[in-house]
Each structure stands twice: as structure tokens, then as C-alpha cells.
Amino acid sequence: MKLSFHGADRSVTGSCHLVECAGKRILIDCGLHQGSRELDEENAGPFGFDAAGINYVLLTHAHLDHCGRLPLLAKRGFRGEIITTSASRELARLIMLDAAHQQEEDVRYRARRAGHDGASRDKNEPLYSTLDALNCLDYFGRTATYAQVIEVAADVRATFIDAGHILGSACIFLELEEHSHSTSVLFSGDLGSAGRVLLRSPAKPPHAENVVMETTYGDRLHKELGPSIDELYEAITETFKRGGNVIIPTFALERAQELLFYLSEGVAQGRLTKSTQVYLDSPMAISATEIFRHHPECFEPATAKLFQEGHDPLTLPGLHFTRETAESVAINSVPGGAIIMAGSGMCTGGRVRHHLQHNLGREDSSIVFVGYAAIGTLARQIIDGAKQVNIFGENIPVRARIYTINGFSAHADQAELLAWQKQTGAKRTFLVHGEEDIMRQFAAHLADTRVEMPGPNQVFEL
């Protein structure tokens with residue numbers, strides 16, 4: 001039995017781990033590396049394994065950095081079965097098709113800018129096409145239900161456990177047997193933070209001999225949620241007093257829906273005016289919001305009850321869904337008093353870049369970051385205090401007021417990660433999905449376990 005690592009190894013994105021047992025090769029996630037041109041090149045490089053040799057993919061959740069290379073896996077020969085929860089299946093379809101579309105658009109944009117003449121065709125093709133993403137959907141097979149054991153193959157059993165991160169997210173517990181040897185491996189996926197308004201808190205993990213766990217926020221504690229909500233309302237109110245707009249780079253899954261909940265609550269409580277205009281300028285976030293309503297099995301009980309009683313907590317009087325490009329462009333003519341939520345959350349693509357182009361240089365506007373920003377992303381540059389940034393080839397001065405509100409994180413913080421790991425009783429703990437210095441800080445807090453920090457393509461015997 002072997003465990004190897006092919007993504008999110010001493011880095012934050014691109015989760016991809018391979019288990020070999022009883023003649024089967026089982027991939028846990030196959031995500032995109034996000035952040036810089038070097039990572040774009042890494043996405044296009046070899047997986048570190050033969051795609052055609054993979055028998056199964058177990059998908060923890062539908063974020064792009066966990067599912068975003070599945071179409072490429074199929075394009076390169078994967079013909080096995082993808083197993084995940086019902087909600088993750090729906091969301092992954094949305095995410096992968098959107099990613100393919102964005103790649104195709106980027107290629108067309110670069111070709112127009114370069115006066116493309118066909119000479120460098122290989123460098124001007126998307127990682128995968130919309131057709132590749134559609135073909136990948138054919139390999140989604142059995143649906144996992146939380147806490148129910150799936151016989152993946154002979155001598156390989158998997159249990160999906162609610163991770164409380166985004167809709168449908170799961171930790172995956174593998175029970176493995178080969179010849180006379182048996183062991184267990186628990187993959188955290190991304191762990192959520194307890195006490196959120198929409199989704200249930202992460203379920204208690206089972207005991208496992210080996211644990212592969214994320215360390216995204218392994219060096220810090222989150223702000224309390226209450227003060228973070230207060231800070232959000234204050235940022236909005238102060239910006240409107242100045243006559244500007246509030247731009248919120250928004251992750252389409254979970255974060256957008258949670259923000260809609262709090263904005264709706266703010267209006268209901270009189271902390272935001274009833275005339276507040278909110279633009280959800282993200283076709284993917286709009287579709288994800290619709291998918292949310294299909295899956296009450298993932299909701300925190302009080303929120304599930306609201307939906308059951310016909311009260312939709314994800315809507316408010318001044319909410320506008322803008323799917324069409326023309327509608328998105330029209331928002332730029334709004335001089336002030338608008339909350340504009342658009343993807344991507346790290347500002348690596350999507351419509352938010354257009355809104356930043358129009359608002360970053362305005363002293364009366366504000367940019368409110370409510371999620372993680374990886375090194376190399378436009379969001380991280382702005383958060384780190386850049387005086388100007390380049391957007392669509394134009395140098396834009398940063399004059400808007402910048403807010404970073406950490407209490408909305410969908411990730412567990414250091415204390416929650418440590419508590420989760422301790423509950424597993426793991427003899428061996430593999431740290432992934434975090435910046436290397438943060439991993440080292442987190443590792444220093446671990447006791448009674450052998451700690452590993454895998455490098456790219458590193459293989460371990462189980």
C-alpha cells in the first residue's frame with residue numbers, strides 16, 4: 001500500500017493525492033493550482049502518474065482547487081469512476097464548466113491582444129475545453145451519503161463525513177486491506193469552521209492510523225464572527241456616506257450565500273437601509289445559490305427550518321442577479337451606493353477584475369476581502385498594500401479603502417484544526433494544503449503523532 005502526493009504539497013492549491021491498494025489506484029481530489037503564471041504552467045504539466053491508470057476518484061468537495069483538473073484527467077485517459085456527494089456532483093459540474101469557459105475566453109483574449117497568427121497554437125489552447133468538461137461528467141458514478149460506508153472496490157471501503165466547509169463537502173475515511181495488512185487513512189479535504197449560519201459544523205472524525213490534513217489557517221485564530229459582521233456593516237455604511245461603491249471579491253460557493261444571508265439580516269435589523277442595492281454579478285454564484293436550495297440535508301437545522309417554512313434567507317429587497325455580460329457592464333455606470341459581489345474571490349479572473357478596474361482608483365469606494373488570498377494573486381497584492389496593480393494591461397492606482405475581514409472564513413482555524421487532529425488519534429499525520437512556513441508552525445503544536453510534510457510526487461509506504 002502506497003500514498004503519494006501530487007498537489008497542494010507545501011502549497012495551498014491543487015489538491016491531489018493517490019492511494020494504491022489491492023491493485024487499485026484511487027485518487028483523492030484532482031484540483032487546479034491557482035495563483036500565478038508558473039502555477040498555470042504546472043497545471044499543464046504531467047500529473048506525476050498515468051491518468052489512464054487511475055481506477056477511482058473520490059472528490060472531497062467542489063472547489064476549483066480540488067476538482068478543477070478532473071476534465072484534464074479525463075482528457076488524458078481516465079476512464080474510471082468519480083464518487084462524491086450529491087451536492088458536490090451538482091456544484092462540480094458548475095465549477096468545471098465555468099473553468100473551461102474562462103480558459104476558452106482567456107485564450108481568445110490573448111489571441112486578440114497578440115494579433116494571433118497561428119504560429120504558436122500550442123501555447124494558445126485552453127487546458128481543457130467545455131467539451132472536455134462535459135465528457136468528464138460521464139465518469140461521475142455512485143453518490144456518497146454522509147456516514148454511510150461505500151465498498152469502492154474489493155478491500156477498499158470509503159466513508160464520507162460532513163466537513164462543514166461548503167455545500168456537500170466531506171472528509172473521506174478509507175479502510176484499506178492488502179494481503180494480511182490493513183490500515184486506515186483519513187483525508188480532511190478542507191475543514192469548515194464551527195457555528196456557521198448556513199451549514200452544519202464539521203462532524204466528529206473517526207479514529208485513523210494515518211491522517212492527511214489541510215493547514216490553510218494553521219498559524220492563526222479567526223476573528224469572532226459577530227465583530228466581523230459588525231465590521232462588514234460598518235464598511236458598507238461608511239462607504240455609502242462617502243458616495244462610493246463596495247466591491248466584495250466573492251467565492252461563488254458558500255461565501256456568496258453566507259454574505260447574502262448577513263446582508264438580508266442587516267436590512268431586516270435596520271443596520272442597512274432597505275434601499276441598499278446589492279448586485280450578485282456572478283453567473284456561477286447565482287447558479288450555486290439555486291443549488292443550495294436543493295440540499296437542505298447540508299443545512300444547519302435553524303436555517304433548514306427557515307426554508308421549510310417558506311422564508312428564503314438568501315434574498316433581500318434590493319438584490320439584483322446579473323447573469324448577462326451587458327448587465328454586468330451596466331453596473332459600472334452606478335456612481336455609488338452599491339454593493340457589488342463578483343468572482344473570483346482571489347481576483348485571479350472573472351468579473352470582479354472589471355469592477356476593480358473602475359473602483360480601485362476611487363477614494364470614495366471600498367474593497368472588502370472576506371476570504372483567503374493565496375500568494376501571487378491580485379487579491380494578495382492589494383491586501384499586502386500595493387500602491388498600484390495591473391489589470392487588463394492597465395496600471396491602476398490603489399486609492400480605495402481596503403478592508404480585510406477574516407471572521408467569515410469557511411476554513412477551520414488553528415485551534416479547530418488541532419482539536420480535529422487530536423480526535424483522530426493518528427499515529428502519522430501528513431500536512432498538506434498550506435504555505436510551508438505555516439505548516440511548520442502548525443507542526444510544532446502536534447504531539448503524539450509522526451508528522452510528514454510531503455513534497456511534490458513524494459511516495460510513502462502505508
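Residues numbered from 1 in each chain as written. Predicted model: local features only at pLDDT ≥ 70, side-chain atom pairs only at ≥ 80, totals over all residues. Heavy atoms only, no water.

Describing empty space enclosed by the protein
Space left empty within the atom packing is revealed by a probe, the size of a water molecule, rolled over the atoms. Considering all chains together, one arrives at one cavity of 30 Å³ or more under this definition. Estimates place the volume of the largest cavity at around 80 Å³. Around the largest cavity sit 14 residues that line it, and Ser15, His17, Ser188, Gly189 and Val432 are the ones nearest its centre. Sorting elements by how many residues they give to the lining of the largest cavity places strand S11 (residues 210-214) first, with three residues. Looking at the lining of the largest cavity residue by residue, the classes come out as five nonpolar, seven polar and two charged. (1 Å grid on protein atoms, 1.4 Å probe; cavity = no way out; pocket = protein on both sides within 12 Å on 5 of 7 lines; lining within 4 Å. Points joined across faces, edges and corners; volume = space filled by probe spheres on them. Helix = DSSP H or I, 4+ residues; strand = E, 2+ residues; numbered from the N terminus. Nonpolar A, V, L, I, M, F, W, Y, C, P; charged D, E, K, R; others polar.)

Here we look at the environment of Tyr233
Note on placement: Tyr233 falls in helix H6 (residues 225-242). Placed 208 residues apart in sequence, Tyr233 and Gln441 show a C-alpha to C-alpha distance of 33 Å.

Describing the packing of helix H4 (residues 86-114) against helix H8 (residues 283-292)
Relative orientation of the contacting elements H4 and H8 amounts to 170°, with a least axis distance of 10 Å. Accordingly, the angle class assigned to the pair H4 and H8 is roughly antiparallel. Contacts between H4 and H8 involve Glu90, Leu91, Leu94, Ile95 and Asp98 on the former and, on the latter, Met284, Ser287, Ala288 and Ile291. When grouped by side-chain class, the residues that make up the contact of H4 with H8 number six nonpolar, one polar and two charged. (Axes fitted to C-alpha atoms, helices over the stretch in contact; angles between N-to-C directions. Parallel < 35°, antiparallel > 145°, perpendicular 65-115°, else oblique. Contact = heavy atoms within 4.5 Å.)

So, the pairing of strand S15 (residues 338-342)
Extensive coverage of S15 is indicated by the burial of five of its five residues. Judged by which residues are buried, S15 turns out to be covered on both faces: Ala338, Ile340 and Ala342 on one side and Ile339 and Met341 on the other are all buried. One ladder, built from four bridges, connects strand S12 (residues 246-249) with S15; its direction is parallel. Bridge pairing links Ile248 to Met341 in S15. One ladder, built from four bridges, connects strand S13 (residues 277-280) with S15; its direction is parallel. (Buried < 20%, exposed > 50% of the residue type's maximum accessible area, 1.4 Å probe, protein only. Pairing = 2+ DSSP bridges.)

Side note on the packing of helix H7 (residues 255-268) against H8
H8 packs onto H7 with a crossing angle of 75° between their chain directions and a minimal axis gap of 9 Å. The pairing of H7 with H8 is recorded here as roughly perpendicular in orientation. Side by side, H7 and H8 meet where Ala256, Gln257 and Leu260 of the first sit next to Ala285, Ala288, Thr289 and Phe292 of the second.

Overview of the sheet that holds strand S8 (residues 156-162)
Strands sit in the order S7-S8-S9-S10-S11-S20-S21 across an open sheet of seven strands; the sheet is mixed. Each edge of the open sheet carries a strand with a single partner, namely strand S7 (149-153) and strand S21 (450-452). Ignoring which end each strand starts from, the neighbouring axes of this sheet average 20° apart. Across the sheet, helix H13 (residues 414-424) is in contact with strand S9 (170-178), strand S10 (181-187), S11 and strand S20 (428-432); its angle to S11 comes to roughly 170°. Sitting on the sheet, helix H14 (residues 436-443) touches S11, S20 and S21, and the angle it makes with S20 is about 155°.

Looking at unusual backbone geometry
Cis geometry is found at the peptide bond from Gly343 to Ser344, where omega equals 5°. In this fold, Ser344 is placed in the loop between S15 and helix H11 (352-359). A positive phi angle is found at Ala8, which is not glycine, with a value near 60°. Residue position: Ala8 is located in the loop between strand S1 (2-5) and strand S2 (17-21). The exposure class of Ala8 is buried, given its relative accessible area of 1%. At Glu254, a position not held by glycine, the phi torsion is positive, near 75°.

Observations concerning the side chain of Thr215
With respect to the helices, strands and loops of the structure, Thr215 is situated in the loop between S11 and H6. Apart from residues no more than four positions distant in its own chain, Thr215 is found in contact with Leu417, Leu431, Val432, His433, Gly434, Ile438, Met439 and Phe442.

Some thoughts on the sheet that holds strand S19 (residues 401-404)
The strand order S14-S13-S15-S12-S16-S19 describes an open sheet built from six strands, whose pairing is parallel. The sheet is open, and its two edges are formed by strand S14 (319-321) and S19, each paired on a single side. This sheet shows a mean twist of 20° between the axes of neighbouring strands, independent of strand direction. Of the strands in this sheet, S12, S13, S14 and S15 are in contact with H7, which crosses S15 at around 160°. Docked against the sheet, H11 engages S12, S15 and strand S16 (366-369), running at close to 150° with respect to S12.

So, H6
Taking 1.5 Å per residue as the helical rise, H6 with its 18 residues ought to reach 26 Å, and the 26 Å between its terminal C-alpha atoms agrees with that figure. Taken together, the buried positions of H6 are Ser228, Ile229, Leu232, Tyr233, Ala235, Ile236 and Thr239. Projection of H6 onto a plane perpendicular to its axis shows the buried side chains occupying an angular sector of 150°, all on one side. Residues of H6 that are exposed and angled more than 90 degrees away from the buried face: Glu234 and Lys241. (Expected span 1.5 Å × (residues − 1). Arc of directions from axis to C-beta.)

Some words on H14
All of the buried residues along H14 are Ile438, Met439, Phe442 and Ala443. Seen from one end, H14 has its buried residues packed into an arc of 135°, which puts them on one side. Summarising the contacts, the buried residues of H14 are in contact with S11, H13, S20 and S21.

As for the packing of aromatic side chains
Taken as a whole and assessed by the stated rule, the structure comprises 10 aromatic pairs. Ring centres of Phe47 and Phe49 lie 5.2 Å apart, and the angle between their planes is 15°; on these two criteria the pair is classed as stacked. For the pair shown, Phe47 and Phe49 are each scored as buried. Each ring, one from Tyr262 and one from Phe408, has its centre 5.8 Å from the other, and the planes form 55°; the classification is tilted. Of this pair, Tyr262 sits in helix H7 while Phe408 is found in the loop between S19 and H13, placing the two residues 146 residues apart along the sequence. The buried category is assigned to Tyr262, whose relative accessible area is 1%. With a relative accessible area of 0%, Phe408 lands in the buried category. Each member of the aromatic cluster is reached from another via a ring pair, and the members are Phe5, Phe430 and Phe460. (Phe/Tyr/Trp six-rings, centres within 6.5 Å; stacked < 30°, edge-to-face > 60°.)

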